Amino acid sequence: MGPKPLPNVLEIKPYVPGLAAEKGYKLSSNENPLGYSPAVREVLASGLDHMETYPDGGSNLLRSAIAERYGLSADRIVCGAGSDEIFQLLARAYLSAGDEIIQSEHGFLVYQLVAQQSGAKTVSVPDIDMTTDVDGILAAVTEKTKIVFVANPNNPTGTYLPFDEIKRLHAGLPEDVLLVLDAAYAEYVVKNDYASGMEMAGSFENVLMTRTFSKIHGLAALRLGWAYGPAAVIDAINRVRGPFNVSYLAQIAGIAALKDEGFMDKSAEFNKRELARLSEALSNLGLTVFPSVANFILVEFQSSGDYTADKAYAFLRENGLIVRDVKSYNLPDCLRISIGVKEANDQIISVLSQFMAGR
Ligand SMILES: *Cc1c(COP(=O)(O)O)cnc(C)c1O
C-alpha cells in the first residue's frame, strides 16, 4: 500500500470550474467581458524582462497601492494568489478537526472546500428568498464555530445583504468568531444601502474583508486577491502563507489595474446596463430571474417537463453558449449566466426565447 492522505482530504469533492468554450461564448465563470485594462497589458509586457528574480515576498508596492486607493493602512492588508488562497490560509490558521464554519445554503463552494481541508465541518443555513438569513446564521452558532463566511453579494444567487444586516450579524456573533466578508463583486453593486465591509474590517477584531482582481479588473488568469482586517488576523495569515505567494506579474498588474479607474468605471457601467437588459428580457420569457447586483444572473427553470434547467443547459450548449450548472450549489432547477459581451447576451436572449417558444 502506498502513502495514505488524511481521511478528510479524501472526502473533498474537487471543485469543478466553469467549462471553457470550444466555440461561442463562455458565460460560466463571471469573468470580465471587456477583458482587462490596456495599461495592465503594457506593464505585463515590460515585466517579462525580470523573470529570473523572486518577487517581493511582502507584495509591498501592491499593498501600498491598495492602501492608497482605498484609504487603508498597508500593514493591515495581505495579498494572495486569488481570494481563494486567502480562504485557504484562513482555514490553515484558524480551523482544525471538529471545528465548524457557517455559510449560507447556496454560499460559495470554496469555503466548504477549505474547511474540509482542515477537517472542519460546514454548517449551511437555509436562505430566505435566495438571500442570506442573518437570524438563521446567528441561531446556528455553537461553541465549535470558528468562521462565518458571507459572500456579499453572494455567488451564485446574485443577491446581497444591506450593510445594516451585516452590522446586525456582526453584533450577534461571539467575539472569538471571525466574520469573513467576501466582497468579490463589490465594485458592481449600485445600491445605497450596500457596503463592502471595509469600515468594519478596520474597526473590529473579528471582521476580515476580502477582495479580488479576478472580476472587475479582469485578471482572473493572474490569480490575485487581498484581504483587509485586524492586525492579529493579518499576522496569522502572514505566518501560514508561502513566502512568495503572489507572483511578480500579478503584483505589477495589480498596481496598474488599480490606477486605471476608467477601465473599472467602464466595466461597472457596461455591467449595469447589460444586467438590467438581460434580466428583463429573460423575465419577459416567463423565466424567474432572481434580482442580481453582481455580474451574473441566476435563472430558475421548471423542475420537470420540457423546460427544465438541464434541457435549457443542453440547448444553450448546442448553440455555443456555456453557462453554469449550479447543482453543486443545491440549485438543480437553476442556471447561472454571466453577463457577457453584448453579442453574447443577445444570443442568450434569442436562444432562450427559442427554447421557451413552445411553452
Ligand atoms: C469569483 C469569486 C471570488 C474570487 O476568487 P479568486 O480566487 O480571487 O479568483 C471570491 N469569492 C466569490 C464569491 C467569487 O464568486
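Cut-off values and rules
Residues numbered from 1 in each chain as written. Predicted model: local features only at pLDDT ≥ 70, side-chain atom pairs only at ≥ 80, totals over all residues. Heavy atoms only, no water. Helix = DSSP H or I, 4+ residues; strand = E, 2+ residues; numbered from the N terminus. Buried < 20%, exposed > 50% of the residue type's maximum accessible area, 1.4 Å probe, protein only. Contact = heavy atoms within 4.5 Å. Areas by Shrake-Rupley, 256 points an atom, 1.4 Å probe, with all protein chains shown as cover. Lys, Arg positive; Asp, Glu negative; His and termini not counted. Charge placed at Lys NZ, Arg CZ, Asp CG, Glu CD. Pairing = 2+ DSSP bridges. Axes fitted to C-alpha atoms, helices over the stretch in contact; angles between N-to-C directions. Polar contact = N/O pair within 3.5 Å; in protein donor to acceptor, adjacent residues only side chain to side chain. Domains from an automatic or database assignment. Salt bridge = Lys/Arg side-chain N within 4 Å of Asp/Glu carboxyl O.

Caption draft 1: Structural view of the overall build of the protein. For the protein, the helix and strand inventory stands at 13 helices and 13 strands. Taking the principal axes of its C-alpha atoms as reference, the protein extends roughly 60 × 55 × 50 Å. Counting across all 359 residues of the protein, residues that qualify as buried make up 55%. When contacts within the protein are restricted to residue pairs at least 6 apart in sequence, those whose partners lie at least 24 apart make up 74%. Carbon together with sulfur atoms contributes 53% to the accessible area of the protein, which is approximately 16000 Å² in total. Averaged over its 32 positive side-chain charges, the protein has a centre that lies 4 Å from the centre of its 43 negative ones.

Caption draft 2: Representation of the sheet that holds strand S4 (residues 121-125) within the structure. With mixed pairing, the seven strands of this open sheet are ordered in space as S2-S8-S7-S6-S5-S3-S4. The sheet terminates laterally at strand S2 (77-80) and S4, the two strands that pair on one side only. Averaged over all pairs of adjacent strands, the angle between their axes in this sheet comes to 20°, without regard to strand direction. Pairing analysis gives three bridges linking strand S3 (residues 100-104) to strand S5 (residues 145-151), with the strands arranged parallel. Among the inter-strand pairings, Ile 101 is bridged to a residue of S5, identified as Ile 147.

Caption draft 3: Broad picture of the side chain of Asn 295. Tracing the backbone shows Asn 295 in the loop between strand S9 (288-289) and strand S10 (296-300). Side-chain polar atoms of Asn 295 contact the backbone oxygen of Asn 30, separated by 3.0 Å. Beyond its immediate sequence surroundings of up to four residues, Asn 295 is in contact with Asn 30, Glu 31, Tyr 185, Tyr 188, Asn 271, Ser 338 and Ile 339.

Caption draft 4: Structural view of the domain arrangement of the protein. Per the domain assignment, the segments of the protein are domain 1 (17-34 + 262-356) and domain 2 (38-259). Spacing between the C-alpha centres of domain 1 and domain 2 amounts to 25 Å. On the side of domain 2, 27 residues touch domain 1, which itself brings 23 residues to the contact. The tally of links from domain 1 across to domain 2 stands at zero salt bridges. Joining domain 1 to domain 2, the criterion identifies five residue pairs in polar contact (both at pLDDT 80 or more). Of all the secondary structure elements, the ones that give two or more residues to the side of domain 1 that touches domain 2 are helix H11 (261-284) and S10. Considering every element that reaches the side of domain 1 that touches domain 2, the biggest residue donor is H11, with six residues.

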